[in-house]
Amino acid sequence: NYQDAFGKALLRFAKEDKRIVGITAAMPPGTGLSFLRDNLPEQFYDVGIAEEHAVLFAAGMACDGLKPVVAIYSTFLQRGYDPIIHDVCLQKLPVVFCMDRAGLSPNDGATHHGLFDIAYLRCVPETTIMQPKDEDELTDLLWSALQYEGPTFIRYPRGSGLGVKSKEEPALIPFGKAEVLKPGVDIQLWALGPWIETAGKLAEKLEAELGITVGIVNARFIKPLDSELLLNQVESAQLFVTLEDHVVQGGFGSAVLETLSDHDQMRAIERIGFPDAFIDHASSNDELHTIAGLDFPTIYERIKHRFIKVRKTKASCPVS
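Our subject in this report is the structure included herewith. Just so we're clear, the structure is a prediction, and the values are computed from it rather than from any experiment. (Residues numbered from 1 in each chain as written. Predicted model: local features only at pLDDT ≥ 70, side-chain atom pairs only at ≥ 80, totals over all residues. Heavy atoms only, no water.)

1. Looking at the nonpolar core
Nonpolar side chains tend toward joint burial in soluble globular proteins. For the record, the criterion: Throughout, nonpolar core names a set of buried Ala, Val, Leu, Ile, Met, Phe, Trp, Tyr and Cys residues whose side chains join them through atoms within 4.5 Å. For every residue, the accessible area (1.4 Å probe, protein chains only) is compared with the maximum for its type, and the residue is labelled buried under 20%, exposed over 50%, or partly exposed between those bounds. The numbering of helices and of strands both runs from the N terminus, where a helix is a DSSP run of H or I of at least 4 residues and a strand a run of E of at least 2. The contact criterion used is simple: two residues touch if any of their non-hydrogen atoms lie within 4.5 Å.
Of all hydrophobic cores here, the largest spans 44 residues; its most connected members are Leu77, Phe97, Trp190 and Phe252. Ranked by residues supplied to this core, first place goes to helix H4 (residues 51–63) with 6 residues. Sequence-distant contacts of Phe97, defined by excluding residues within four places in its chain, comprise Val55, Val70, Leu77, Ile84, Val88, Thr152, Phe153 and Ile154. By size, the runner-up hydrophobic cluster in this structure holds 31 residues, among which are Ile187, Trp195, Ile196 and Leu294.

Printed below as a string of structure tokens:
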């Protein structure tokens, strides 16, 4: 799962570099930092239920030449928002934030869903925000973040991923570069993390039913967004679809929308994400997706009908 992948990767990197330290706020097992605690206790710190202090503590360590990695659930990192801005980002300090439980945490309920972090971080200068598609890419992004001289934020969901084993040697991923998983022309699906698997199923069904080609992009970087790729796709795409495990307001889809607007590119965008509401608890992610209108059949119909509408509008107004 993601927690084990993160914990084992951090332990491996910390063994090679004594400047790397792990910090958490009473969440060692839940975040995967128990691996570091049990094997390198001198490079592990649990500050208790004091998230604000965890962030400030990390800032002080970074000022002293250490490489702090702060592992806190997405929803509880909100408690450290002030020092994130004033003590980390304002000083451009190399602190790595690993935000566990980004997205849904169904059994824990409304207090534990990590559905707001993109919005509350994207507006802060100097932030780099990432989300891996699987466990191996999480390891790559963690390694890449540790080489970066600035604040980085990696968000990933609770529990099992795709079961992808991490490579022997992590890859250094260029910041701000997305990954094209499948080329396409008519619709471009820009997906984050766990939505990439759904994007594959959507593309297959849309192509079969509508006779079009659908591209899939592993966005990977929410900030900075891969604007170069996005603007290249504008030439042919009739519809962009963003898929994120986050609220729609201020989220990843908003970043795509803003980028196109800033470059005077008017294209239809269907933003798939959670509504402007607090999401309750449930027994599974699937149950909550259905309640929120994010189950596969509902999403598919939304995209299909939006594309048909766009195509009809374009046919009736051939001159753009």
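2. Description of the pairing of strand E11 (residues 239–247)
For clarity, the cut-off: Criterion used throughout: strands pair if DSSP finds at least two bridges between them.
Buried residues dominate E11, accounting for 9 of its 9 residues. As paired elements, strand E8 (residues 187–191) and E11 share 5 bridges and run parallel to each other. Paired with Ile187 across the strands is Leu239, a residue of E11. Note that E11 and strand E12 (residues 268–274) share 6 bridges and pair parallel. Pairing of Phe240 across the sheet is with Ile269, part of E12.

3. Some thoughts on the packing of aromatic side chains
In this description, an aromatic ring pair is defined by two values, namely the gap between the centres and the angle between the planes. Short version of the rule: Classification of ring pairs rests on two measures: the distance between centres of Phe, Tyr or Trp rings, Trp counted by its six-membered ring, which must be within 6.5 Å, and the angle between planes, read as stacked under 30 degrees, edge-to-face over 60 and tilted in between. Our definition puts a charge over a ring when NZ of Lys or CZ of Arg is within 6 Å of the ring centre and also within 35 degrees of the ring normal.
Scanning the entire structure with this criterion turns up 11 aromatic pairs. A centroid spacing of 6.1 Å and a plane angle of 75° characterise the contact between Phe116 and Phe278, whose relative ring orientation is edge-to-face. Placement of the pair is Phe116 in the loop between strand E4 (96–100) and helix H7 (117–122) and Phe278 in the loop between E12 and helix H12 (285–291), with a sequence separation of 162 residues. A relative accessible area of 27% means that Phe116 is categorised as partly exposed. Aromatic side chains Tyr148 and Phe175 sit 4.7 Å apart centroid to centroid with 45° between the ring planes, which places their arrangement in the tilted category. With a gap of 27 residues between them, Tyr148 in the loop between helix H8 (135–146) and strand E6 (152–155) and Phe175 in the loop between E6 and strand E7 (179–182) connect regions that are remote in the sequence. For Tyr148, a relative accessible area of 32% gives the class partly exposed. Ring pairs connect the aromatic residues Tyr2, Phe6 and Tyr156, which therefore count as one cluster. Here Lys205 stacks its cationic end above the ring of Tyr300, 4.9 Å away from the centre of that ring.

4. With respect to the layout of surface pockets
Inclusion rule: The method works on a 1 Å grid over the protein atoms by themselves. A cavity is a set of points holding a 1.4 Å probe that cannot get out, a pocket is an open set with protein on both sides within 12 Å along at least five of seven lines, and residues with an atom within 4 Å of a point line them. Grid points are joined across faces, edges and corners, and a volume is the space filled by probe spheres set on the points. Gly falls in the polar group here, along with every residue not listed as nonpolar (Ala, Val, Leu, Ile, Met, Phe, Trp, Tyr, Cys, Pro) or charged (Asp, Glu, Lys, Arg).
If you add up the space inside the largest pocket, you get close to 730 Å³. Forming the boundary of the largest pocket are 30 residues, of which Pro194, Thr198, Asn285, Asp286 and His289 lie nearest the centre. Going through the elements one at a time, helix H9 (195–210), H12 and helix H13 (296–316) are the ones with two or more residues in the lining of the largest pocket. Top contributing element to the lining of the largest pocket by residue count: H9, with 5 residues. Residues belonging to the lining of the largest pocket are distributed by class as follows: 13 nonpolar, 10 polar and 7 charged.

5. Considering the sheet that holds E12
Filter applied, for reference: What counts as an axis is a line fitted to C-alpha atoms, over the stretch in contact for a helix, and the angles between N-to-C directions run from 0 to 180 degrees.
Taken in spatial order, the 5 strands make up an open sheet running E7-E9-E8-E11-E12, and their pairing is mixed. Of all strands in the sheet, those bounded by a partner on one side alone are E7 and E12. Recorded for the sheet is a direction-independent mean angle of 25° between the axes of neighbouring strands. Strand direction decides the pairing type here: E7 and strand E9 (residues 214–218), joined by 3 bridges, are antiparallel. Opposite Val180, over in E9, you have Val217 as the bridge partner.

6. Here's the deal with the state of the cysteines
So the rule is basically this: Cysteine sulfur atoms are paired as a disulfide whenever they come within 2.5 Å of each other.
Scanning the model with the defined rule gives 0 disulfides in all. Considering cysteine sulfurs only, Cys123 is the nearest to Cys89, which forms no disulfide, with 9.8 Å between them. Of all cysteine sulfurs, the one in Cys89 lies closest to Cys98, which takes part in no disulfide; the gap is 15 Å.

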